[in-house]
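# Structure at a glance
The lines below spell out each chain.
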Amino acid sequence: MKSLHRTIYRSFYSLSVQFLVAGGLVMVVAAYAVGTWVANRIEEGVVRNSGASAALYIESLIPSQSRNQTNGAALSEDARLALREVFQEGILSERVVTYNIWSQSGEILDSFRPEQRGRVYEPSEALLAALSGEVSSEFQTLQAQADHPEAILGVPLLEVYVPIRDASTGEVLVVVEFYQRAEDLARALAMSRRDSWTLVSQIFGLSGALLFFIVHTGSRLIERQREQLRSQLAESRRLSKNNDALRKRVAQAAQRSTAQSEKIMQRIGQDLHDGVAQHLALANLRLEGAGLGPSDDADTVKRALANAMTELRAISRGLSLPDLATLDLKGCAAQAVSDHNKSFGAEAKLRDEVQAEIEVSYATKLCVYRFLQESLSNASRHADATEINVVMGIDGASVDVEVADNGRGFDPQAPTRVRDDGGQGLLGLSDRAATLSGKIEITSKPGKGTKIRLRLPISENQE
């Protein structure tokens, strides 16, 4: 069920469906606008041409007019009689519904309906256009209107305004308005509208279908690529999860190996201290009690035994470790500082900023102890530091241990290597921290002292 819902959701929100909805709406609006514009242009053109043809025919029936100089009449009586005969008795009598002859002032000089003669109306826009010399035509269906002089029930009509000009001056004398039945014209216009709407719909429909096919093809390609990316992402996450698990297993193995190596070295140190060192001490005592007189050989043997004892104690001291399993993290740091001060006669100071006890693994405590042991030893033996400060705290989910001294300093960019004297050195400290997903940061300049910071995450080192 969830898979079906997911498929429907993806299908609805696919690029092709979005284009179909949005593009379809836009195309419908555009098709409506274009179809309306085309239909209106066709209607205007047909009506204009029909009106112009009717106007030419009317003008051909009226004899040339000039303003009568004697009585000032705008239209001669012969012209009026000619129009009556054409509209009422001629071939146009069956098609012309009514006619009016308008003066410049808006008065009806003559009309198909005698009661309209002599009345004055507000000139319409079409009448004003005709009075200015333009042939005006309009296709309409007149409804019963009280304010219209030719109010009749709805019939398709072609309304035409024909200006009659003075033959000598070209001045518009009168305007002949007539209404012609236009059922055929109405049918032709309806057919033109239908054909134009059909053509526009087909063009937009075909264009929309073609665009939808292109977008749908691209959308399918995008969806396939998206599915491939999802599959690759899922595979990458799975591999990342496996790699993370492998990394943790390797880190745990490295931690166990390091702890085991430390225990072995501690046991070797104890064996050297309790075994070889004791035999050398016994040999030295027996040599003194043997009653041998002073000689160069005796002095050489004594010095060799004393040097051997000193070196063995130093080696044993470097390999030995306190019982870290019984100490917490604070105790490990304090023990490392205390052991250093006793061995080197130094006065290193520890500032513990850890507010509460935290649970950490043996490998973490061992790393902190060795870091402090090596850093403090470097500060005293190699940097000639007179002031050493150790700060330990918690920064988020990490343990931070910093050792700062006022010694000679050095260039951190200089290449590091494994030390010849067996000490871990900075390279060994970095490797040890890396096995616990930690890191070491060094800040130092020649003559400006050194700061070494150990940063270990707590969460990954609880096991």
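Bear in mind the structure is a predicted one, so any value in this text is a computation, not a measurement.

Right, let's get into the packing of aromatic side chains. All told, the structure shown has two aromatic pairs when counted by the stated rule. Arranged with centres 5.9 Å apart and planes meeting at 35 degrees, the rings of Y32 and W197 form a pair that is tilted. Of the two residues, Y32 is situated in helix α2 (residues 15-61) and W197 in helix α5 (residues 183-289); the sequence distance between them amounts to 165 residues. Y32 sits in the exposed class, given a relative accessible area of 56%. When the centroid spacing of 6.1 Å and the interplanar angle of 70 degrees are considered together, the rings of W102 and Y121 count as edge-to-face. Here W102, found in strand β1 (residues 96-102), pairs with Y121, found in the loop between β2 (108-111) and α4 (125-131); they are 19 residues apart in sequence, far enough to count as distant. The buried category is assigned to W102, whose relative accessible area is 5%. We classify Y121 as partly exposed; its relative accessible area is 22%.

A grouping of D328, D352, E357 and E359 is seen on the molecular surface, where their side chains present a negatively charged patch. With respect to the secondary-structure elements, D352 resides in strand β6 (residues 349-352).

Most peptide bonds are trans, and most residues other than glycine sit at a negative phi. Not every positive phi belongs to a glycine, and D384 is a case in point at roughly 55 degrees. Despite not being glycine, S437 shows a phi value in the positive range, around 60 degrees. By the element assignment, S437 lies in the loop between α9 (425-434) and β9 (439-444).

What counts as what
Residues numbered from 1 in each chain as written. Predicted model: local features only at pLDDT ≥ 70, side-chain atom pairs only at ≥ 80, totals over all residues. Heavy atoms only, no water. Phe/Tyr/Trp six-rings, centres within 6.5 Å; stacked < 30°, edge-to-face > 60°. Helix = DSSP H or I, 4+ residues; strand = E, 2+ residues; numbered from the N terminus. Buried < 20%, exposed > 50% of the residue type's maximum accessible area, 1.4 Å probe, protein only. Patch = residues over 30% accessible without salt bridge, like charges linked within 9 Å, V, L, I, M, F, W, Y side chains within 5 Å. Areas by Shrake-Rupley, 256 points an atom, 1.4 Å probe, with all protein chains shown as cover. Salt bridge = Lys/Arg side-chain N within 4 Å of Asp/Glu carboxyl O. Lys, Arg positive; Asp, Glu negative; His and termini not counted. Charge placed at Lys NZ, Arg CZ, Asp CG, Glu CD.

By themselves, these figures tell us nothing about what the structure is for.
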